[in-house]
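Coordinate inspection notes
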Amino acid sequence: MQRDSVTINQGIFMMLLFHFGSSVILGINTVVLQDSWIAILIATIMALPVLLMYGQILSRFPGKDLFEIAEITLGKKGGLLVTLAITWYALHLASLVLRNFSDFVQIALLPETPQLPIQILMILSSVYLARSGARAIGKWAVSIIIYIFIVVVFTFAAALRLIRLDDILPFMQHPPLQILRASAQIAVFPYAESVLFLCLGSAFPKGNVRRIYLTALMLSAVIFLLTFFRNITLLGAKMFEISYFPSYVTARIIQFGDFITRIEGSISLNFLMAGIVKMSVCMTAAAKGISRLCNLPDYKTLVMPAGMFAFTICIILFDNTMDMFYFLDYYTIYALPFQVIIPLFIFFVAEVEARRTRKSLQRE
Amino acid sequence: MIRRLVAVVLLFAALLTLGGCWNYRGLDQLSIVVGIAIDYDKESRLYHLCYEIVDLSGMNKEAAIQSKTLTSSGETLFEAARNAKKKEADKLFLGSAQVLVFSHQLVQEMGILDVLDWFLRDAECRESMCVAISQEDTAAEILISSEKSSGMMSTILREIIMEDNEITASANHVQLFQVYNDLNTPLHCTAIPTLRRVKRNGDDITELNGSTVIHEDRYIGVISPEMGKYLLMVYNELKGGLITVALSDKPSDLITLEVFESYTSTDFTRDGDQITFNIKTTTFVTAMENTADLGLMNRSNLDYLKDIAQRHIEESIHSLVYYCQQELKTDILRFGEMIYKRDNKFWNEIGDTWGEVFPTVQVNVSSRVEIRNAGFIK
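Residues numbered from 1 in each chain as written. Chains lettered and ligands numbered in written order. Predicted model: local features only at pLDDT ≥ 70, side-chain atom pairs only at ≥ 80, totals over all residues.

**Re the domain arrangement of chain B**
Residue and element names in this part refer to chain B. Each assigned domain of chain B is listed with its residue range as follows: domain 1 (26-223) and domain 2 (225-378). Here the C-alpha centroids of domain 1 and domain 2 sit 31 Å apart. Counting residues at the interface gives 21 residues for domain 1 and 22 residues for domain 2. Put simply, the parts of the chain that give the side of domain 1 that touches domain 2 at least two residues each are helix H6 (164-167), strand E7 (189-200), strand E8 (203-215) and strand E9 (218-223). Broken down by element, the side of domain 1 that touches domain 2 gets its largest block of residues, five residues, from E8. Split by residue class, the side of domain 1 that touches domain 2 holds ten nonpolar, ten polar and one charged. (Domains from an automatic or database assignment. Contact = placed C-beta atoms within 7 Å. Helix = DSSP H or I, 4+ residues; strand = E, 2+ residues; numbered from the N terminus. Nonpolar A, V, L, I, M, F, W, Y, C, P; charged D, E, K, R; others polar.)

Structure representation (C-alpha cells):
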C-alpha cells in the first residue's frame, strides 16, 4: 500500500488554503481598519517562531504525529491529556469553520435556505476528502490553488480602477496596543491554527517541514495583504468596518465595464473550496486523535463519526451570527493553550531530552 | 466501488446547491426592480416607495424592454417594501436595482443614513446602486418615463449619472456604499447628483442638474452643473467635458475646449494657524469650437488661448472654493479629509473645530492647460 504522504508543494498549498479558509471570509481582521496591514505584518512576525517551533517538533520526530510525539515526550498520561485537548480543539475548530460557512451562505447567498443542508453537504465533502487521506487533500489543494490565485489576482486587478489609494491613511491612527492586539488575533486566527498539521506529521516529507510552514506563512501573508489592500481601498474605512464579509462585498462592487459584473460567485467558491481543505485537515486531526484515544488502528473509519460530532457541535455552537463574531474576541485566549502552551511544552521537553541524549552520547 | 458511489452521490448532492435557494423562483415569478424612489410623508409618518419594474409581459424582439411603476407605503422601509406584495402577484426582486432616488424633503427632514442602513443590511440590494436626489416635489416623479422615450427610466438615469464625468462633467456620481462612507468620515459630508424634470418639446423629461450637498446627514445646498465640473477637477475625477472660454478683448467670442485628460494634485502647508491648500491642475484639451475665429496655427494665439483657459480654470476653482467656504460652509472639497489622512496629529487638534477653520483656509490654484490639437481642420 502506498504511504499516505504529501509532496512539499502539496504541503505548502494545503497549509496556505488552511490559513485562507475561513479567515478571508471574515475579513482577516477589521478592528484596526486601515492599520490592519501593519497588524498583518506584525502577526506574521509573531507567528514565525510559533510555526518554526511546530516545524522543529516534527523534524525532531520524523514520521510521527503530535499524538505519538506527546506520548514519547510526556509519557502515557501526559500524551493522553494532550491527545484529548488537541482532539477537542480539532473538532471545535471544524465546527467553527462549518458555522462560519453556513452563516455566510445564509446571509450572503441563500437567505431562505436553512443552514442544515448546507452544513450536511459541507461536512460530507470534507469527510470524504479526509477519509481519502492527506495525499488526496494535498492533491485537492494543488488543483484549486490555481483558481484561488487567479481570483485573487483578477479581483485585485479589476479593483485597481475603482480604488482610492489614500484610504489606507491615516497611518498608525490606532494606538500601538490595539494594533498589537489585532496582530495577536491574526497570529492566532488563522496562522497558529496550523498547529493541527502536527497531527498530520507523518504525512509530511522528512526534513522539509519547516520549509513548508515557512513558505505557507509567507505566501499567506502576501495574499492577506493583497486582499486587505483591495478591500480597504475599494470599500473605504467605514464600509470595511461594518461589513461582516468585506471580501464578498468588495466582489459585489467590482465590475469590468458593463459586461463582467456580479463576480462575487467566484469569491464564494473560493471560500467554499478553501474551507473544505481546512475542515478536512481538522477532521483528519480529530479522527487521528480519537483513534489514539480509543486505541484503534485505522483513523479513517473514525472520520465520519468525527464529522458528525463536529456537525453536532456546530448546530449548538451559537444562537446567532452576532454571537459568532462576538466569540472571535475571546478566541485568542481560548486557542492559546492548544496553539502555544501545549506545543511549547512538548518542544521544551523534546529539546531538553535531545540535549541530554546528545551529552550522554558525547560522554560515552 | 463504494468510494466511487459515494463520490457520485456527493457530486449530485453538490449539484443541488447550484439550483439556487431553498424556495427557488423562476424569472416568471419575479418582479425585477430596476429603480427605487423614496419619499417620506412627515404627517402620516409613512415611507412611500416607488419601484420601476421590468415589464416582461408583451416583450418582443423589436421593441425595447418596457417598465411599469408600482408604489407602496409603510412605517419603515422594510414594511413599505413588503407591502408592495399586496399589489403585485410576484415578490419584488431588488438585486437588479440600479438607481436609488431620494426626495429632497426626505433629505431635509429625515436624513438618509437610516435609509442607507437598510439597503446595506439587505443582502439582495447591491452596494453599487447609483444614488441621486430629486429636486421635484416627490422622488417618484423622477422614475416616470416620458411619453416619447422608450425603455427603462432607471437604466437611462444610471447611464446619465455614471457617464457624466466623462461627457458633460456636471456632477460627481456616487454609489450607495460611497455615500455611506462619505457621511461617516470625519467630515460627514457628500455631494449627490441631483435630478429634475424639465419640459422639452411639450414632453417632461428628467435631467441631471448638479449635486446636492449633505452634511451631518442634513441638506445643506446645491452645487450647480458648472461648478460641478470644477468640483470633479478638485477631486481629480474629471475625465471629459467641455470648457468654454471667452476671449478677454471680445467677450462674446467663445472658444470651446474639450477635455481629454485632467490631473489634479492637492497638498497643504501650515504657517502658524494659517492653513494653505495648493491645488495644481493639468488639463489636456482640444480646441473644438472656434467662434472667435482665432488663428490657432499662430503660436502666440495658441499661447494666448492657453493663458485664458488657465486663468478661467483658476478663477472657477476659486469661485467654487469661495462658495463652499462662505455659502455652504461645508468642506465638500475634502480638504479636511486630506489633513485627517496625511497629518492625523494635526487633525486631532483642529478636527473638532474644522467647521470654523475651513472658511479661513487659504487656497492657491495653479493651472496648466495643454492644447493637443484643433480638430480636423486648421
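**A few points about the sheet that holds strand E12 (residues 274-290) of chain B**
Residues and elements named next belong to chain B. Reading across the sheet, the four strands line up as E10-E11-E12-E13 and stay open at both edges, with mixed pairing between neighbours. One side of each edge strand has no neighbouring strand; the edge strands of this open sheet are strand E10 (242-246) and strand E13 (362-373). Sheet twist, expressed as the average angle between the axes of neighbouring strands with direction ignored, equals 40°. Direction of pairing for E12 relative to E13: parallel, over a ladder of eleven bridges. Bridge assignment links Thr 282 to a residue of E13, and that residue is Arg 368. Together, E10, strand E11 (254-271), E12 and E13 form the strand contacts of helix H9 (residues 299-328), whose direction differs from that of E13 by roughly 145°. (Pairing = 2+ DSSP bridges. Axes fitted to C-alpha atoms, helices over the stretch in contact; angles between N-to-C directions.)

**Some remarks on unusual backbone geometry**
Cis geometry marks the peptide bond from Leu 169 of chain A to Pro 170 of chain A, where omega comes out at 0°. Summarising the element assignment, Pro 170 of chain A is placed in the loop between helix H5 (134-160) and helix H6 (176-188). The residue after Phe 189 of chain A, namely Pro 190 of chain A, is reached through a cis peptide bond having omega 25°. For Asp 217 of chain B, which is not a glycine, the phi torsion comes out positive at approximately 65°. Despite not being glycine, Asn 236 of chain B has its phi angle at roughly 65°, a positive value. Looking at the element boundaries, Asn 236 of chain B is found in the loop between helix H8 (225-235) and E10. A tally of 14 C-beta atoms within 10 Å means that Asn 236 of chain B is categorised as partly exposed. (Buried ≥ 20, exposed ≤ 12 C-beta atoms within 10 Å, placed from the backbone.)

**Some details on the environment of Gln 105 of chain B**
Residue and element names in this part refer to chain B. Relative to the assigned elements, Gln 105 resides in helix H3 (residues 104-109). For Gln 105, a count of 17 C-beta atoms within 10 Å corresponds to the partly exposed category. Along the sequence, Gln 105 and Arg 126 sit 21 residues apart, while their C-alpha atoms lie 24 Å from each other.

**Brief notes about the confidence of the model for chain A**
Of the residues in chain A, 99% have a pLDDT of 70 or more, and the chain-wide mean is 90. H5 of chain A is the least confidently modelled element of chain A, averaging 89 in pLDDT, while helix H2 (residues 36-60) of chain A averages 95, the highest of any element. (pLDDT = per-residue confidence, 0-100.)

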